[in-house]
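Understanding the architecture of this molecule
Chain by chain, the residues:
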Amino acid sequence: MRHAICNEIFQGWPFADAAKFARSIGYTGLEIAPFTLAENPADISAAQRQEYRDILKSEGLTFVGLHWLMVSPKGLHVTTPDAALRERSWLHIRNLIDLCADLGTHGVMVFGSPAQRSTTGGATVQEATARYQEGLKDVAAQAEHRGVTILIEALPVNQSNVVNSLAEAASMVRQIGSPAIQTMFDTHNAVDETEPHTALIEKYFDVIRHVHVNEMDGRHPGMGDYDFKPVLQTLERLDYQGWVSLEAFDFSFGAERIARESIHYLSGELTKQG
């Protein structure tokens with residue numbers, strides 16, 4: 001199992017120090033939130049992109065991809081009825097495709113962004129969903145050309161009203177029909193799913209390209225009662241080749257503790273029998 005960690009837990013750390021520490025305790029991949037690099041990721045120079053890439057290489061880490069895509073710049077929205085704002089917002093996604101490709105090969109972009117894709121401006125769920133799908137279809141060729149895979153993340157209803165289940169995400173993937181548009185599985189965001197999580201992974205395994213792990217309350221693995229073992233063992237049995245990436249939302253325990261405890265706990269769960 002390939003373990004990665006999302007870099008925003010290392011808030012305040014120099015990028016190189018975060019990379020060095022993550023690798024020292026067993027992570028082999030780093031997933032990056034673009035807002036941790038710049039307020040507007042499009043402003044990151046070619047030299048800076050190469051520097052980040054070189055740091056990862058020097059520490060023996062693989063660049064996994066990007067997530068938290070639309071935290072900054074502020075005010076963007078990909079399903080708004082406002083055509084000009086929608087165009088600027090999808091331009092941001094295009095810029096992130098280029099950033100993702102510049103930081104490493106075969107990167108993924110986890111497209112959650114609940115506030116920036118939910119209905120707004122009087123739009124219906126159907127209208128917003130259609131705009132979301134249309135936008136993804138429009139950027140698919142660029143993503144494919146640059147070797148980037150955009151992942152539609154299903155979100156629970158308390159976060160968004162656009163794409164709330166893995167079934168909806170998989171359906172959208174298949175309708176778009178591009179290898180550059182796929183989906184992923186997130187333990188925390190699967191709270192509203194009615195089927196067992198292992199059954200979901202089995203059913204949609206052909207379009208799942210990434211996995212996020214966290215407790216249902218957003219803390220890091222081992223702090224709650226989510227049973228990660230069946231999920232990890234199902235992924236192993238199905239010969240999952242992607243990343244299992246730690247995405248914690250509660251940073252109060254400190255980056256070092258979160259990172260250490262999570263990889264130790266998940267590795268232990270995977271070796272349990274039964």
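What comes next concerns the included structure.

Rules used in this analysis
- Residues numbered from 1 in each chain as written.
- Predicted model: local features only at pLDDT ≥ 70, side-chain atom pairs only at ≥ 80, totals over all residues.
- Heavy atoms only, no water.
- Helix = DSSP H or I, 4+ residues; strand = E, 2+ residues; numbered from the N terminus.
- Rg over C-alpha atoms; globule rule 2.2 N^0.38 Å.
- Buried < 20%, exposed > 50% of the residue type's maximum accessible area, 1.4 Å probe, protein only.
- Contact = heavy atoms within 4.5 Å.
- Areas by Shrake-Rupley, 256 points an atom, 1.4 Å probe, with all protein chains shown as cover.
- Core = buried A, V, L, I, M, F, W, Y, C linked by side-chain atoms within 4.5 Å.
- Phe/Tyr/Trp six-rings, centres within 6.5 Å; stacked < 30°, edge-to-face > 60°.
- Lys NZ or Arg CZ within 6 Å of the ring centre and 35° of its normal.
- Pairing = 2+ DSSP bridges.
- Axes fitted to C-alpha atoms, helices over the stretch in contact; angles between N-to-C directions.
- Left-handed = near helix turned anticlockwise from the far one by under 90°.
- Nonpolar A, V, L, I, M, F, W, Y, C, P; charged D, E, K, R; others polar.
- Polar contact = N/O pair within 3.5 Å; in protein donor to acceptor, adjacent residues only side chain to side chain.
- Right-handed = clockwise from strand over helix to strand, strands pointing away.

1. Some points on the overall build of the protein
When its secondary structure is counted, the protein shows 9 helices and 8 strands. Expected size for 274 residues packed as a compact globule is a radius of gyration near 19 Å; at 18 Å, the protein falls within 12% of this value. Principal-axis analysis of the C-alpha atoms places the extent of the protein at approximately 50 × 45 × 35 Å. Buried positions account for 54% of the 274 residues belonging to the protein. Counted over contacts in the protein with a minimum sequence separation of 6, partners at least 24 positions apart contribute 79%. For the protein, the accessible area works out to roughly 11500 Å², and carbon and sulfur atoms hold 49% of it.

2. Details of the nonpolar core
Ranked by internal contacts, the top residues of the largest apolar core, which has 79 residues, are Leu66, Met109, Phe111, Tyr132 and Leu136. In terms of residues, this core owes the most to one element, helix α3 (residues 83–103), which gives 9 residues. Beyond its immediate sequence surroundings of up to four residues, Met109 is in contact with Leu66, Leu69, Ile93, Leu96, Ile97, Cys100, Val148, Thr149, Ile150 and Leu151. Among the nonpolar cores identified, the runner-up in size contains 7 residues, and Val64, Val110, Met184 and Trp243 belong to it.

3. Looking at the packing of aromatic side chains
Evaluation of the coordinates by the stated rule reveals 11 aromatic pairs. Connected via pairs of aromatic rings, a cluster forms that spans Phe10, Trp13 and Phe21. The lysine or arginine in question, Arg2, covers the ring of Trp243, its NZ or CZ lying 4.1 Å from the ring centre.

4. Observations concerning the sheet that holds strand β6 (residues 181–186)
Spatially, the 8 strands close up into a barrel ordered β1-β2-β3-β4-β5-β6-β7-β8, and their pairing is parallel. Pairs of neighbouring strands in the sheet enclose a mean axial angle of 30°, with direction left out of account. Pairing of strand β7 (residues 208–213) with strand β8 (residues 243–246), which is carried by 3 bridges, proceeds in the parallel orientation. Across the sheet, residue His212 finds its bridge partner in β8, namely Ser245.

5. Details of the packing of α3 against helix α5 (residues 125–145)
Packed helix pairs are characterised by how far apart their axes lie and by the angle those axes make with each other. Running from N to C, α3 and α5 point in directions that differ by 35°, and their axes come no closer than 10 Å. Where α3 crosses over α5, the two elements pack in a sense that is right-handed. Together, Arg86, Trp90, Arg94, Ile97 and Asp98 of α3 and Arg131, Tyr132, Gly135, Leu136, Asp138, Val139, Gln142 and Ala143 of α5 make up the contact between the two elements. Among the residues forming the contact of α3 with α5, the class breakdown is 6 nonpolar, 2 polar and 5 charged.

6. Examining the environment of His210
Secondary-structure assignment places His210 in strand β7. Accessibility expressed as a relative area gives 1% for His210, which makes it buried. For the pair His210 and Phe15, spaced 195 residues apart in sequence, the C-alpha to C-alpha distance is 23 Å. Contacts of His210, omitting those with residues within four sequence positions, involve Glu31, Val64, Val108, Val110, Leu151, Thr183, Met184, Phe185, Tyr240, Trp243 and Ser245.

7. Quick look at the side chain of Thr79
Tracing the sequence through the fold places Thr79 in the loop between β3 (62–66) and α3. Judged by relative accessible area, Thr79 falls into the buried class, the value being 0%. Among the polar contacts made by the side chain of Thr79, one reaches the main-chain carbonyl oxygen of Arg117 at a distance of 2.9 Å. In this structure the side chain of Thr79 is engaged in a polar contact, spanning 3.3 Å, whose partner is the backbone oxygen of Ser118. Contacts of Thr79, omitting those with residues within four sequence positions, involve Arg86, Gln116, Arg117, Ser118, Ala128, Arg131 and Tyr132.

8. Structural notes on the pairing of strand β2 (residues 29–32)
Residues Gly29 and Glu31 of β2 are buried on one face, and the alternating residues Leu30 and Ile32, pointing to the opposite face, are buried as well. In the sheet, strand β1 (residues 2–6) pairs with β2 via 3 bridges, with the strands oriented parallel. Opposite Cys6, over in β2, you have Glu31 as the bridge partner. Traced from β1 through helix α1 (residues 15–24) to β2, the parallel crossover comes out right-handed. Across 4 bridges, β2 lies against β3 in parallel orientation. Each bridged residue has a counterpart across the sheet, and for Leu30 the counterpart in β3 is Phe63. Taken together, β2, helix α2 (residues 46–58) and β3 constitute a β-α-β crossover, and its handedness is right-handed.

In short, geometric facts, not functional conclusions.
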